[in-house]
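Coordinate inspection notes
Listed here are the chains, written in short residue letters.
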Amino acid sequence: MRFQPTADQQLFARTVRELLEKECPPEAARAGFSAERWAKLREMGVIDMLASGMTEIDLVPILEEAGRAALPEPLIEAAMIAGGTLDGVVTAAVGTRYAAHADVADVIVIERDGALYSVRRDAVTLQPVETIDAARPVFLITGGLESGTALEADRDLADNRATLGAAAELLGLASRCIEMAADYAKERHQFGKPIGSFQAVKHKLADALLRVEFARPVVYRAAWSLSRRDETIERDVSMAKAMAGEAAAGAAKAALQTLGAIGYTQEHDLHVWMKRVWALNAAWGNPDEHRARVASAVLH
Amino acid sequence: MRFQPTADQQLFARTVRELLEKECPPEAARAGFSAERWAKLREMGVIDMLASGMTEIDLVPILEEAGRAALPEPLIEAAMIAGGTLDGVVTAAVGTRYAAHADVADVIVIERDGALYSVRRDAVTLQPVETIDAARPVFLITGGLESGTALEADRDLADNRATLGAAAELLGLASRCIEMAADYAKERHQFGKPIGSFQAVKHKLADALLRVEFARPVVYRAAWSLSRRDETIERDVSMAKAMAGEAAAGAAKAALQTLGAIGYTQEHDLHVWMKRVWALNAAWGNPDEHRARVASAVLH
Amino acid sequence: MDLAFTAREQAFRDECASWFGQNPPGPLASMDTPDGFEQHRSWEKRLHDAEWSAVNWPRAFGGREATLIEWLIFEEEYYRAGAPRRLNQNGLFLLAPTLLEFGTEEQKQRYLPPIASCDEIWCQGWSEPNAGSDLASLTSRATRDGNEWVLNGQKTWASRGVYADWMFGLFRSDASSERHRGLSYILVPLDAPGVTVRPIAQIDGEPGFAEVFLDDVRVPVANTLGPEGDGWKIAMSTAGFERGVVLRSPGRFMATADRLLELFKERGSPVALQDDVARAWMNADAYRLATFWAVSKLMEGGTIGAEASLNKLWWSEMDLHMHETAQRLLGEDAPLDGPWLDGFVFSLAGPIYAGTNEIQRNIVAERVLGLPRS
Amino acid sequence: MDLAFTAREQAFRDECASWFGQNPPGPLASMDTPDGFEQHRSWEKRLHDAEWSAVNWPRAFGGREATLIEWLIFEEEYYRAGAPRRLNQNGLFLLAPTLLEFGTEEQKQRYLPPIASCDEIWCQGWSEPNAGSDLASLTSRATRDGNEWVLNGQKTWASRGVYADWMFGLFRSDASSERHRGLSYILVPLDAPGVTVRPIAQIDGEPGFAEVFLDDVRVPVANTLGPEGDGWKIAMSTAGFERGVVLRSPGRFMATADRLLELFKERGSPVALQDDVARAWMNADAYRLATFWAVSKLMEGGTIGAEASLNKLWWSEMDLHMHETAQRLLGEDAPLDGPWLDGFVFSLAGPIYAGTNEIQRNIVAERVLGLPRS
């Protein structure tokens, strides 16, 4: 029993953080997809980690960093669903009806009769779907679903990997929401004091942090179960998505309440992170759906 | 539309409060049943209100006062189930398996085949059941259930009246728990200040009060529905019990956390009120059961 | 105690229901968009033409002299019909009750009719960049010059300020004063020289808020509401509760709760959520009952104090919980544009505006429970 | 990262499970009653005779030198077997780690073996009537007289103080000191002249607490743990986290969660509660994972700071939520005497003792998030 990320895993995560601090500052996170950034992620080996023999565990800290940066690109889809096996810009509509960034993708992974296929974007018909998260546009695929090249990957494995990926990104998103709120609470003064000195603010943010910190080991355990193809994959991945999702939703809400009106505008960055939390919380099964799956597993 | 207790109702409630302040101070509430106090309640007309033509609405403020005082006597049973029609000390096992104070009762109202009967205590076999609320001992009736005199009262009406009665007592219990906590928070100093000046304490008690204040009109509405024999009796009584019960459980918990260790002892009075909250919350259907009944009513 | 509506109240309800039945509002675009703004304004005109725009006002100013109970009935029927939030709500619900209580006859005649007709849209000028929860620290000032105030400073979070014609707000009229003292309640035309309105993009990208910069803006002293220096008292007066009720009447929340029940039934039966759906309906119904309770007390001459803070806590958290429950029911579709998403995003602001819920809890603890100030 | 247990760890688990299988603890009366106390003491003797009473201690003092991971495994098997809470938990889990870190060799040899054998029961002497959450305001004093301390003052909330032989506590040894300075950590025999122990009836009527009055009580200066005046640092040292883990190891909560699943199945299917039952199990499992996470970090030489406060918040609220859920499942039977009621009442104390949850949230906000002190 040794339940900590390895030094290598931590080191790679730090490298990715540095890349994203440079390539994906908040104004870039607002702007949405960048082909140039995609190329850099490709070059760094972030997208093809599974294909190059790394495991789901190695990807958790990387996806957490993607969440921290509110990275717009379809990293979950390319790295976790396609498993890093496809070239170009890759997205997917597997385990979700809505394919993120399908308009800029070269290939899209779809599911048909329980199997996965890669299709070229120009072979399918896309219908844009308006959502709250403008930096991560999503699309319904309304035609061309009978085309494509069969992939070897297992459909359920891909779905569970994507769900884990969303859980990991949600951890990073949540941490950053709490940091933004704490930073604001140190600076903003009311009644002659920083608002962070009021217990109402302190306790709200402490509770938000609590949920995030206890969700993190749950996400790593799900990655470990996936990496071993354990029988408990479904239960463990669902538990990860449910707990990371609720933690992130709670963190976003606590951050908004701490920031007050400024958090309700586009002048502060919080809204970008908050909207991504809502988007990823709903994708690949929301916390209620996943908690029901855990209930079935432990009660029957 | 005129949704306020009348001046008469408020006046009678104040008179009952004064009686109970004298006859049922905390040390008496701890000691349990008192035949003398029962006689005074009888004399004042509190027990036979329904029999003397008053309505369920008139009883709500009275039962709220009984809760405030943590009155040990089986007032709900005698006034709401027996409807004030029986002499002596009256209790009941209607809508609940456990008859409170059956050991000191002269008559017990029981249910058989959907009808109500009054039986003499010496005609039935009682089995004491150990519970947390020592001032309100309860008993299973294990024999003699085939005996008794039929009552005219409707079984479901009696059950709903008892449920309403418990909801009203819970309001009073809850209010008193919050007052005890507020009083303590004004006196107790830590870190050089009264603990009531800390937001953590303030906000906890404000939230507790919020739930109680919004449950009160709900309880009165249920009494009004009962008094008119409306079709919505079940829904309205269930909503009252669910909301008053959760408000009271929350108030007791907030008060305990405010008092800290002293609240966890028998040296302070809080435990008497807290235990009655737990007892009445469980009797005549707990909040979950009643909320499920509301859900059926509004969803189908 | 009588929860039944009187024959007169029932007749009023029937008249409302009949009019809305014949005049369905139809779906409108967001009032924070230019198109939506005009759609909402024409809807308000239709209301006004039929004398529904301010039913509880005196007839002289465009109302029907409805009782508070009738007002609540109107609101129930209004939102049951699917009608939208009120465009001029700051004028109707925040300014008008204060004008009716503290305004001169001239002020009432000048300002109330165009509020009812929606010819003049109002925004509020309370908050400043450094005076949010701590409103009493505001520094925008009004300097007397003959019969005029000279206004300087900056107001912020003025909802729909970019579409507004007028702003009401608090200004420090006594330069040596501190905190709640020496403030005056002043009405400011936004087309006056020296006023600059800067839109602030809300979370949804629409210019729902504005900053209002005042640079030597001159307004007549006659634009003062109530006595000079009494602004705080006037703004926070007992009209507070009434304003609270009319601002967030139960009708809208009951309509939301009913739609939530339908959503739950449509979406099949995720049983784990049944409990939250039932809670949502119960919370809305409890708010309705508590409002009738409070309004009955007021109509009997009773007073309402810090209960207004309990009210604000209840409706804002209930509204958020209802919309969060809807988001959970919608599953993968939760973030998609539509009325539930709009309602969710709007409900998130509830615990922030009109005094944050932290401030409201302080008020309840200190004024109702008597706990000591921090 | 490897969540699998090593062969050695698995063998240790098998040995535990086998012993508990052959030595079932059986049901015992409450340890706060005289009969129950003796039953618990004999159970502790059986554990000690088989060398299970303090597995993570050095062998020299009655332990097995188990790793922290093995300790967690022991706890899982202990509570899975239905074994009771530990009678001498203050000695085992609060004093012993501190003795091992700060005690002299003589102190370890003197005090540790009778803790393991339960021949000497310990209670804590932290709180005072006016020093609860604000522990640093304590005033009980230790005055030096030659080779002796003369102790005066009053301690309170000493759990099982009426059954205890010894008390460890903090005393102000520098009369001119304030707050956290000038305190010493002193071991006090409760049979010393001048000690009066007064039982305090807990909520359930049992004398679970005691007040300890000290009136010119003389103890040798050799009874000081660590340097004179360093008492606060020693009491709050990094041993804090380890103490937290051993005091409330995940094993007990997992056993409760598993029993809750059974209760839910037995009681039929009140679907609305399935969600809370699932949450309860998830919370317990998450606590188990977080503990393995933290212990792995410690075993690699990492340090744990304010995370101990996050831990306390999690286990105390999880334990309360699990027992509240059980009470809800039990319906009308909730207030009846039995293990679920006992557990519920005990869980209510969780957010209060060992530093209230309000204090823990302050610590998290200030030390982890860097928010300013009030």
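Residues numbered from 1 in each chain as written. Chains lettered and ligands numbered in written order. Predicted model: local features only at pLDDT ≥ 70, side-chain atom pairs only at ≥ 80, totals over all residues. Heavy atoms only, no water.

**Some words on the overall build of chain A**
Under the convention used in this document: By definition, any uninterrupted DSSP run of H or I lasting at least four residues is a helix, any uninterrupted run of E lasting at least two residues is a strand, and each is numbered from the N terminus. With C-alpha atoms as the basis for the radius of gyration, the globule rule is written as 2.2 Å multiplied by the number of residues raised to the power 0.38. The buried label goes to any residue with under 20% of its type's maximum accessible area, the exposed label to any with over 50%, and the partly exposed label to all in between, with areas taken from a 1.4 Å probe on protein chains only. Whether two residues touch is decided by their heavy atoms; if any such pair falls within 4.5 Å, the residues are in contact. Note that accessible areas follow from Shrake-Rupley with a 1.4 Å probe, and for residues the cover is restricted to the protein chains shown.
Of regular secondary structure, chain A possesses ten helices and nine strands. For 300 residues, the compact-globule estimate of 2.2 N^0.38 gives 19 Å, and the C-alpha radius of gyration of chain A, at 19 Å, lies within 12% of that figure. Judged by the C-alpha coordinates and their principal axes, chain A covers about 65 × 40 × 35 Å. Scored against the burial criterion, the 300 residues of chain A give a buried share of 67%. Within chain A, counting contacts between residues at least 6 apart in sequence, those at least 24 apart form 69% of the total. Carbon and sulfur atoms make up 49% of the accessible area of chain A, which amounts to about 10100 Å² in all.

**Points about the domain arrangement of chain C**
Put simply, the test is: Domain start and stop points were drawn from an automatic or database domain assignment.
Segmentation of chain C into domains returns domain 1 (7-87), domain 2 (122-230) and domain 3 (244-368). Averaged C-alpha coordinates put domain 2 of chain C and domain 3 of chain C at centres separated by 30 Å.

**So, the interface of chain A and chain D**
Short version of the rule: A carboxyl oxygen of Asp or Glu within 4 Å of a side-chain nitrogen of Lys or Arg is what we treat as a salt bridge. Counted as a polar contact is a pair of N or O atoms within 3.5 Å, where, for protein atoms, one must be capable of donating a hydrogen and the other of accepting one, and residues adjacent in sequence contribute only when both atoms are in side chains. Note on residue categories: nonpolar means Ala, Val, Leu, Ile, Met, Phe, Trp, Tyr, Cys or Pro, charged means Asp, Glu, Lys or Arg, and polar means any other residue, Gly included.
Counting from both sides, the interface comprises 42 residues of chain A and, opposite them, 46 residues of chain D. We note a salt bridge from A:K202 to D:E366, for which the minimum N-O separation is 2.5 Å. Connecting chain A to chain D are 17 residue pairs in polar contact (both at pLDDT 80 or more). Of all the elements in the fold, those that place two or more residues in the side of chain A that touches chain D are α6 (155-187), α7 (199-227), α8 (233-259) and α10 (287-299) of chain A. Per-element accounting of the side of chain A that touches chain D gives the leading share, 17 residues, to α7(A). Considered class by class, the residues forming the side of chain A that touches chain D number 24 nonpolar, six polar and twelve charged.

**Observations regarding the sheet that holds strand β5 (residues 125-129) of chain A**
The condition is simple: Strands qualify as paired when DSSP identifies two bridges or more between them.
Ordered by their spatial adjacency, three strands build an open sheet running β2-β6-β5 (chain A), and the pairing between neighbours is antiparallel. The open sheet has two free edges, formed respectively by β2 (99-100) and β5 of chain A, since each of these has just one partner strand.

**What to know about the environment of B:R42**
Residue and element names in this part refer to chain B. Here R42 shows up in helix α3 (residues 35-44). Judged by relative accessible area, which is 23%, R42 ranks as partly exposed. Spatially, the C-alpha atoms of R42 and T258 are 37 Å apart, while their sequence positions differ by 216 residues. Setting aside its immediate chain neighbours within four residues, R42 contacts I47, G84, L86, D87, G88 and V90.

**Quick notes on the interface of chain B and chain C**
This is how it is decided: Buried area adds together the accessible area that both of two parts lose upon being put together, with accessible area traced by a 1.4 Å probe.
Each side of the interface is counted separately: chain B has 42 residues, and chain C has 46 residues. Of the roughly 4300 Å² buried between chain B and chain C on both sides combined, carbon and sulfur atoms contribute 71%. The largest per-residue losses of area from chain B upon contact with chain C belong to B:M1, B:F214 and B:L299, which jointly make up 20% of the total buried on that side. At the boundary of chain B with chain C, the tally comes to six salt bridges. The closest approach of N and O atoms between C:R361 and B:D207, which form a salt bridge, is 2.7 Å. Our enumeration of links across chain B and chain C arrives at 18 residue pairs in polar contact (both at pLDDT 80 or more). Sorting the residues of the side of chain B that touches chain C by element identifies α6 (155-187), α7 (199-227), α8 (233-259) and α10 (287-299) of chain B as the ones contributing at least two each.

**Quick word on the pattern of salt bridges**
Taken as a whole, this structure holds 119 salt bridges over all chains when the rule is applied. A salt bridge links B:K253 to D:E324; the shortest N-O distance between them is 2.8 Å. Here B:K253 is found in helix α8, whereas its partner D:E324 is found in helix α10 (residues 307-330) on a different chain. On the basis of relative accessible area, B:K253 is assigned to the partly exposed category, the value being 35%.

**Re unusual backbone geometry**
Excluding glycine, most residues fall at negative phi; most peptide bonds, likewise, are trans. A positive phi is found at C:E65, a non-glycine position, where the angle reads about 55°. Structurally, C:E65 is set in the loop between α2 (34-49) and α3 (68-80). By relative accessible area, C:E65 is classed as partly exposed at 45%. The phi dihedral of D:E51 falls on the positive side, at around 60°, and the residue is not glycine. Within the fold, D:E51 resides in the loop between α2 (34-49) and α3 (68-80). With a relative accessible area of 43%, D:E51 lands in the partly exposed category.

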